[in-house]
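An overview of the molecular structure
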Amino acid sequence: MRSDANIAGPMTDPVPGPRTESFGEDVSRETPPPMDDTPIGRAAQLAVEALGRAGEGLPRPEQTRVIVVANQKGGVGKTTTTVNLAASLALHGGRVLVVDLDPQGNASTALGIDHHAEVPSIYDVLVDSRPLAEVVQPVPDVEGLFCAPATIDLAGAEIELVSLVARESRLQRAIQAYEQPLDYILIDCPPSLGLLTVNAMVAGAEVLIPIQCEYYALEGLGQLLRNVDLVRGHLNPALHVSTILLTMYDGRTRLASQVAEEVRTHFVEEVLRTSIPRSVRISEAPSYGQTVLTYDPGSSGALSYLEAARELALRGVGVSYDATHAHIGAQNNPNMVEGIQ
Ligand SMILES: Nc1ncnc2c1ncn2[C@@H]1O[C@H](COP(=O)(O)OP(=O)(O)OP(=O)(O)O)[C@@H](O)[C@H]1O
Ligand SMILES: [Mg+2]
């Protein structure tokens, strides 16, 4: 296991120092660190505890785990989760590939990967059967992390794929032919359930659904789950929803805890105990072409992703997770906000 992570400097300092993460637009950067008796304070404290464990390394999966990060709802944290979980898994010692399957190319941008129109990309892999190895680039600053970028070409791929042979399994074939050893492949899907997302679902066994803790969180989830069932029935018997991650959790609002509770009630096994707080640091990092893990390694956003990655990795090898490090626990709250539609 690697302990030479690029964040070694800050990781050795157990105290986040004067850093003052704000969790909402109305909170200034200069706000003093929150007290431990607030939800954010607790989250930060638990994150600091996680810090000491981040460099420990984690058990590697026996086979490459291919994880499809999907939710056809836009802006729920798919890309943010893909890149930050991937970086966390790499910092924990894994070899990780991010496949950017969204024409917006946000994951490529966030990882600091060049993806202008001429760059060999996942479009060439899907449409022209170019080997995946020819488009994969190492991510600067994070050892063990790689990216297959998306360019604007991918916007036409949904239509171009329709007339191609084995249109649903082109990504699967490319991944199977990729010979580099990998522990994880994370696929960042676009906010739709078209052929690109279907390609991801045929290529991977696991679906990870990020859910934003807000009022309409569960709307449309039924459609996503039906698609997973359809793909499992016809194209990929191994496909299942393995993981749900609560994102942009704002502990100050009652609504967020109600939504979290409802999701945990519906998906008892799948929801990670760790949730991701709303964090300005997380949203700032992509504009610097970085994940939050390198942009601000000691921030609670970074540490919550490290902890979520730890939980994901331990679950994959059947080791139970030490819940004392989860940022929010299950709370019994009878007030449901809305059901799955
Ligand atoms: N935990 C967080 N705290 C604060 N901002 C966040 C957090 N997670 C994501 N964001 C911000 O929310 C916005 C949407 O996130 P993201 O791009 O990851 O969602 P997405 O599901 O990939 O969107 P799309 O459906 O367009 O692909 C981005 O501006 C991102 O920076
Ligand atoms: Mg996205």
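Use the structure listed above.
Residues numbered from 1 in each chain as written. Chains lettered and ligands numbered in written order. Predicted model: local features only at pLDDT ≥ 70, side-chain atom pairs only at ≥ 80, totals over all residues. Heavy atoms only, no water.

Time to look at helix H7 (residues 170–177). Looking at H7, one finds that the buried residues are Arg170, Leu171, Ala174 and Ile175. An end-on view of H7 places all buried positions within 135° of arc, on one side of the element. Exposed residues lying more than 90 degrees from the buried face of H7 are Arg173, Gln176 and Ala177. (Buried < 20%, exposed > 50% of the residue type's maximum accessible area, 1.4 Å probe, protein only. Helix = DSSP H or I, 4+ residues; strand = E, 2+ residues; numbered from the N terminus. Arc of directions from axis to C-beta.)

We now examine the packing of H7 against helix H8 (residues 195–203). Between H7 and H8, whose axes approach to 7 Å, the crossing angle comes to 40°. Between H7 and H8, the angle is such that the two are oblique. In this structure, H7 crosses over H8, and the sense of that crossing is right-handed. Each of Arg170, Leu171, Gln172 and Ile175 in H7 lies in contact with H8, whose residues at this interface are Asn199, Ala200, Val202 and Ala203. Partitioned by chemical class, the residues of the contact of H7 with H8 number five nonpolar, two polar and one charged. (Axes fitted to C-alpha atoms, helices over the stretch in contact; angles between N-to-C directions. Parallel < 35°, antiparallel > 145°, perpendicular 65-115°, else oblique. Left-handed = near helix turned anticlockwise from the far one by under 90°. Contact = heavy atoms within 4.5 Å. Nonpolar A, V, L, I, M, F, W, Y, C, P; charged D, E, K, R; others polar.)

Counting buried positions along strand S6 (residues 206–212) gives seven out of seven residues, so the element sits mostly inside the fold. Here S6 shows no split at all, with Glu206, Leu208, Pro210 and Gln212 on one side and Val207, Ile209 and Ile211 on the other all buried. Of the pairings in the sheet, the one linking strand S1 (residues 65–69) to S6 comprises three bridges and is parallel in character. By the bridge assignment, valine 69 is partnered in S6 with leucine 208. (Pairing = 2+ DSSP bridges.)

Take the site of ligand 1 next. Neighbouring ligand 1 are 18 residues; Lys78, Thr79, Thr80, Pro277 and Ser279 lie closest to it. Contacts to ligand 1 include threonine 80, whose side-chain N or O atom sits 2.5 Å from an oxygen atom. Between ligand 1 and proline 277 there is a distance of 2.9 Å, counted from a nitrogen atom to a backbone nitrogen or oxygen. Across the complex, the protein chains shield 80% of the 630 Å² of accessible surface that ligand 1 would expose by itself. Take the shell around ligand 1: its biggest share by element is three residues, from helix H3 (residues 78–91). Tallied by class, the residues present in the shell around ligand 1 amount to six nonpolar, eight polar and four charged. (Near = heavy atom within 4 Å. Polar contact = N/O pair within 3.5 Å; in protein donor to acceptor, adjacent residues only side chain to side chain. Areas by Shrake-Rupley, 256 points an atom, 1.4 Å probe, with all protein chains shown as cover.)

In short, the description is geometric, and any link to function would need to be established separately.
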